[in-house]
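Per-entry structural report
Letter by letter, the chains look like this.
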Number of protein chains: 2
Amino acid sequence: MDTNSQQCVIALDAMGGDNAPLVTVRGASQALQESNGRFNVLLVGRKSEIEKIIKQENLNFPSENIIHADDVIGMDDIPTTALKRKDSSLAVCVKLINEGKAHAFASAGNTGAVMTLSTLQLGRIEGINRPALGAIVPTLRNKCLVLDVGANVDLKPNNLYEFAIMGSVYMQEIFNVSSPKIGLLSIGEEDSKGNELTINANKLLRESKLNFYGNVEGRDVLKGEVDVIVCDGFVGNVVLKFAEGLLHFLVRKFKDSAEKSFLNKLRIGISKGILKDILKVFDYQEYGGVPLFGVNGISIIGHGSSSDLAIKNMIFRAYETYQHKIIERIRESIQKFHLIDN
Amino acid sequence: MDTNSQQCVIALDAMGGDNAPLVTVRGASQALQESNGRFNVLLVGRKSEIEKIIKQENLNFPSENIIHADDVIGMDDIPTTALKRKDSSLAVCVKLINEGKAHAFASAGNTGAVMTLSTLQLGRIEGINRPALGAIVPTLRNKCLVLDVGANVDLKPNNLYEFAIMGSVYMQEIFNVSSPKIGLLSIGEEDSKGNELTINANKLLRESKLNFYGNVEGRDVLKGEVDVIVCDGFVGNVVLKFAEGLLHFLVRKFKDSAEKSFLNKLRIGISKGILKDILKVFDYQEYGGVPLFGVNGISIIGHGSSSDLAIKNMIFRAYETYQHKIIERIRESIQKFHLIDN
């Protein structure tokens, strides 16, 4: 297998995620079947475990596409230890890319470890100081990309500016938005409102040639007035996880309400389908994963509790990122919108 | 009227809020009727407008309890301009406190203006460097006080420490929690996770004698494991407003779903009551308002879109704060948990 050949090769960390390797093997097999020859999938991890699942589940996955890796980085391992453990499935995925044997890799494993390995071993795109983690959120109009949602804390204004450039490229290429509107998450709509970071980032964005909408308040994130929202990874992470918590809270309250009376039980039985549809738009499984923006290679990060559907979608996200040449487009865009005082 | 007399006197900014003075006059009248003589209410604002509403609505509110103020600070006015406009309803409320003619004041008006006037003209409690805005949020167990939700940005660790002391006093006195558990909003549960601010605040809280639970992630805010959550006002504000936006998003999606088919319409008609009950726990009207923590006087801040019910409840919150001697309790607690290196 060689990346010089036409076909895109995607390495999947078979051991990454709460439900690995069962769901990763299933997801990889499904993705390969649906690929119609557009891409190939490698499963990286403990060969015997992977083969056992293939047999048990009666899956059709080629044995030569399994790349053995002995070690597994756990969900709770300290990210930097991943640098030393060269035999982990994650380390082997990154190695496959650096050796030109894969074009992209994807993992639902330890996010910190994926970020650390990707940043240090794939390197950063020139002009990007901090890689960012993105999340696709539903809005009343279209989807919106929020970044950073946890890769970085204590940022500088130019970091948010770089995020805006990268987010803009992604929404343009993948979601076909011709001139993505960029919002800056802050408190207060006026340019002068916010903290030191956002007030200065606002100035950079206003002076730039990006399609800057202005500040976006917390309550307007889901309105869909912008296509990209940039923020510090601390704030982005808190908000994203809070959304998760709030949805769980509502589902729980719905259930509690059902248990209170037979009539409520009937009512809820009836409206469950509707609630499910609504919550579906917030379901990460629908999307699968997002690239780690700013690293010099395709590294797709999925949710730890990914199902086989989410894994399959994550592989398709890796393919899209390859097909749309997101890395090259970011490189060009960074040149185009380059900050003079960086 | 004199605060030396036994009865608590509460001044309400009649002109503050999106629906003022109609809802403020209604709410004040209701509160006074339900006070059973425990407190008295003063309506501060344009006398002729207030009297017109009293007449139109056929309310029973004593004319001598209306204190005329000619000027009104608008919702969009720059907070600091409030300092110069001595004839505003807000400025007159604060003056009544400083002259000993009222024990507490409450406003659903321009939050920034209320904070600026309160902080500068009532002063800060000794040992408090930054006053904080709180919000009572529902959880799966009890209610939780989150502070700061917007009064301050770019904080130092000792500010969060002071918030923890004040929040602890409030939950103990008002919600009868014997030893309030304090959580620090961060990314990651481990003490070492977060940004520079939270990592250092974590250390201060760990070394203190406060009942510190540890870091709380965004997804755990509504679980109810803690009674107080402290955070920077930027993060707190974004999260609180995001929650508001997410609930609006869900209601809108439910409505859209109803319009799609007759069967859905039926289903939603049935489950509307349940959804309403669930959303009710998030309704700020139920609570009314919270004190601006750390100022040397009782200043209660309500939501701009307060209804008459919310205004009435806000007045009761002012009375509770007076009755439970929250200012004195905070002063004592600051002495008790004083930071040496402050």
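This write-up is about the structure you can find in this document. Position labels on residues start from 1 in each chain and follow its written sequence. Chains and ligands are labelled sequentially in the order written, the chains with letters from A and the ligands with numbers from 1. Given that this is a predicted model, residues contribute local features only at a pLDDT of at least 70 and side-chain atom pairs are listed and counted only at 80 or more, while totals for whole chains, interfaces and linings are drawn from all residues. With hydrogens and water stripped out, all remaining heavy atoms of the structure feed into the side-chain values.

1. Some thoughts on the environment of Leu185(B)
Take Leu185(B): it is sitting in strand 7 (residues 182-185). Measuring from C-alpha to C-alpha, the distance between Leu185(B) and Ile128(B) comes to 20 Å, with 57 residues separating the pair along the chain. Note on contacts: a residue pair is in contact if any heavy atoms of the two residues lie within 4.5 Å. Those residues in contact with Leu185(B) that sit more than four places away from it in its chain are Phe234(A), Val238(A), Thr198(B), Val216(B), Glu217(B), Gly218(B), Val221(B), Ile229(B), Val230(B), Cys231(B) and Val235(B). Put simply, DSSP H or I for four residues or longer makes a helix, DSSP E for two residues or longer makes a strand, and each gets a number counted from the N terminus.

2. What to know about the relation of the copies chain B and chain A
Two copies of one chain are present, and they are related through a rotation about an axis combined with an axial shift. When the copies are superposed, the least-squares fit draws on C-alpha atoms of residues that have pLDDT of at least 70 in both. When chain B is brought onto chain A, the operation consists of a screw motion whose angular component is 180° and whose axial shift is 0.0 Å, with 0.0 Å RMSD remaining. The transformation relating the two chain copies, once decomposed into turn and shift, fits a two-fold axis. A symmetric contact is evident, with 100% of the interface residues of chain B recurring at the interface of chain A.

3. Details of unusual backbone geometry
Residue and element names in this part refer to chain A. Residue Leu-147 is joined to Asp-148 through a cis peptide bond whose omega torsion reads 10°. Even without a glycine there, the phi angle at Asn-176 is positive, about 60°. Examined against the element boundaries, Asn-176 turns out to sit in the loop between helix 5 (157-174) and strand 7 (182-185). Summary of the burial criterion: residues with accessible area below 20% of their type's maximum are buried, those above 50% are exposed, and those between are partly exposed, where the area comes from a 1.4 Å probe applied to protein chains only. Judged by its relative accessible area of 69%, Asn-176 falls in the exposed class.

4. Some points on the interface of chain B and chain A
Counting from both sides, the interface comprises 45 residues of chain B and, opposite them, 45 residues of chain A. Criterion for a salt bridge: a side-chain nitrogen of Lys or Arg within 4 Å of a carboxyl oxygen of Asp or Glu. Put simply, chain B and chain A have four salt bridges between them. In protein, a polar contact requires one atom able to donate a hydrogen and another able to accept it; more generally it is a pair of N or O atoms within 3.5 Å, and residues adjacent in sequence count only if both atoms are side-chain atoms. Summed over the shared surface of chain B and chain A, the number is eight residue pairs in polar contact (both at pLDDT 80 or more). At the level of elements, helix 6 (196-207), helix 7 (233-260) and helix 8 (262-280) of chain B are the ones that each hand at least two residues to the side of chain B that touches chain A. Ranked by the residues each element gives to the side of chain B that touches chain A, the list is headed by helix 7 of chain B, at 18 residues. We call Asp, Glu, Lys and Arg charged. Ala, Val, Leu, Ile, Met, Phe, Trp, Tyr, Cys and Pro are nonpolar, and the rest, Gly among them, are polar. In the side of chain B that touches chain A, the residues fall into 25 nonpolar, eleven polar and nine charged.

5. Describing the sheet that holds strand 10 (residues 289-293) of chain A
Think of a sheet as strands paired side by side through backbone hydrogen bonds, with each pair either parallel or antiparallel. Residues and elements named next belong to chain A. Whether two strands pair depends on DSSP finding at least two bridges between them. Pairing in this open sheet of eleven strands is mixed, and the strands run 3-2-1-4-11-10-5-6-9-7-8 from one edge to the other. Sheet topology places strand 3 (66-68) and strand 8 (212-216) at the edges, where each strand pairs with a single neighbour. On average, each strand axis in the sheet is tilted by 30° relative to the strand beside it, whichever way the strands run. Sheet analysis places strand 7 next to strand 9 (residues 228-230), joined by three bridges and oriented parallel. The partner of Gly-183 across the bridge, within strand 9, is Ile-229. Fitting a line to C-alpha atoms yields each axis, with helices limited to the stretch in contact; the angle taken between N-to-C directions then spans 0 to 180 degrees.

6. Observations regarding helix 3 (residues 89-98) of chain B
Residues and elements named next belong to chain B. Burial within helix 3 is extensive, with eight of its ten residues counted as buried. Listed in full, the buried residues belonging to helix 3 are Ser-89, Leu-90, Ala-91, Val-92, Cys-93, Val-94, Leu-96 and Ile-97. Contacts from the buried residues of helix 3 go to strand 1 (8-13), strand 2 (39-45), strand 3 (66-68), strand 4 (104-107), helix 4 (111-122) and strand 11 (298-302).

7. Re the side chain of Thr198(B)
Here Thr198(B) is to be found in helix 6. What makes Thr198(B) buried here is its relative accessible area of 3%. Setting aside residues up to four positions removed in sequence, Thr198(B) forms contacts with Phe234(A), Leu184(B), Leu185(B), Ser186(B) and Lys193(B).

8. Overview of the nonpolar core
Among buried residues, the Ala, Val, Leu, Ile, Met, Phe, Trp, Tyr and Cys ones that are joined through side-chain atoms within 4.5 Å form a nonpolar core. Ranked by internal contacts, the top residues of the largest apolar core, which has 100 residues, are Phe105(A), Leu246(A), Phe105(B) and Leu246(B). In contact with Leu246(B), not counting residues within four places along its chain, are Leu222(A), Ala243(A), Leu246(A) and Phe282(A). Judged by nonpolar contacts, the second largest core, of 65 residues, contains Phe39(A), Tyr161(A), Phe293(A) and Ile298(A).

9. Looking at the environment of Glu64(B)
Residues and elements named next belong to chain B. Within the element layout of this structure, Glu-64 appears in the loop between helix 2 (47-56) and strand 3. For Glu-64, a relative accessible area of 59% translates into the label exposed. For the pair formed by Glu-64 and Leu-43, sequence separation is 21 residues and the distance between their alpha carbons is 9.5 Å.

10. A word on the pairing of strand 8 of chain A
Residues and elements named next belong to chain A. With respect to burial, strand 8 is a largely interior element, four of its five residues being buried. In this sheet, strand 8 lies alongside strand 7 in parallel orientation, the contact comprising four bridges. Bridge assignment links Ile-182 to a residue of strand 8, and that residue is Phe-212. Taken together, strand 7, helix 6 (residues 196-207) and strand 8 form a β-α-β motif whose crossover is right-handed. Seen with the strands pointing away from the viewer, any crossover whose path from the first strand over the helix to the second strand runs clockwise is right-handed.

11. Description of the packing of aromatic side chains
Residues and elements named next belong to chain A. Paired rings are identified among Phe, Tyr and Trp, the last through its six-membered ring, by centres lying within 6.5 Å, and are further divided according to the angle between planes into stacked (under 30 degrees), edge-to-face (over 60) and tilted (the rest). Under the defined criterion, the tally for this structure stands at ten aromatic pairs over all chains. Here the aromatic cluster, defined as three or more aromatic residues joined through ring pairs, consists of Tyr-170, Phe-175, Tyr-287 and Phe-293. Sitting over the face of the ring of Tyr-287, Arg-317 holds its NZ or CZ atom 4.7 Å from the ring centroid. Here, a charge over a ring means that NZ of Lys or CZ of Arg falls within 6 Å of the ring centre while also lying within 35 degrees of the ring normal.

12. Quick look at the packing of helix 5 of chain A against helix 6 of chain A
Residue and element names in this part refer to chain A. At a closest axis distance of 8 Å, the pairing of helix 5 and helix 6 adopts a crossing angle of 50°. Compared by their axis directions, helix 5 and helix 6 come out oblique. Considering only the axes of helix 5 and helix 6, their crossing is right-handed. Across from Pro-157, Asn-158, Leu-160, Tyr-161 and Ala-164 in helix 5, the residues of helix 6 making contact are Leu-197, Asn-200, Ala-201, Leu-204 and Leu-205. Here the contact of helix 5 with helix 6 is composed, by residue class, of eight nonpolar, two polar and no charged. Working rule for angles: under 35 degrees goes down as roughly parallel, over 145 as roughly antiparallel, 65 to 115 as roughly perpendicular, anything else as oblique. Put simply, a crossing is left-handed when the front helix is turned counterclockwise from the back one by less than a right angle, and right-handed when it is turned clockwise.

13. A word on the side chain of Glu217(A)
Along the chain, the position of Glu217(A) falls in the loop between strand 8 and strand 9. Classification of Glu217(A) by relative accessible area gives buried; the value is 7%. Look past the residues within four positions of Glu217(A) in its chain and what remains in contact with it is Leu185(A), Ser186(A), Ile187(A), Gly188(A), Glu189(A) and Lys241(B).

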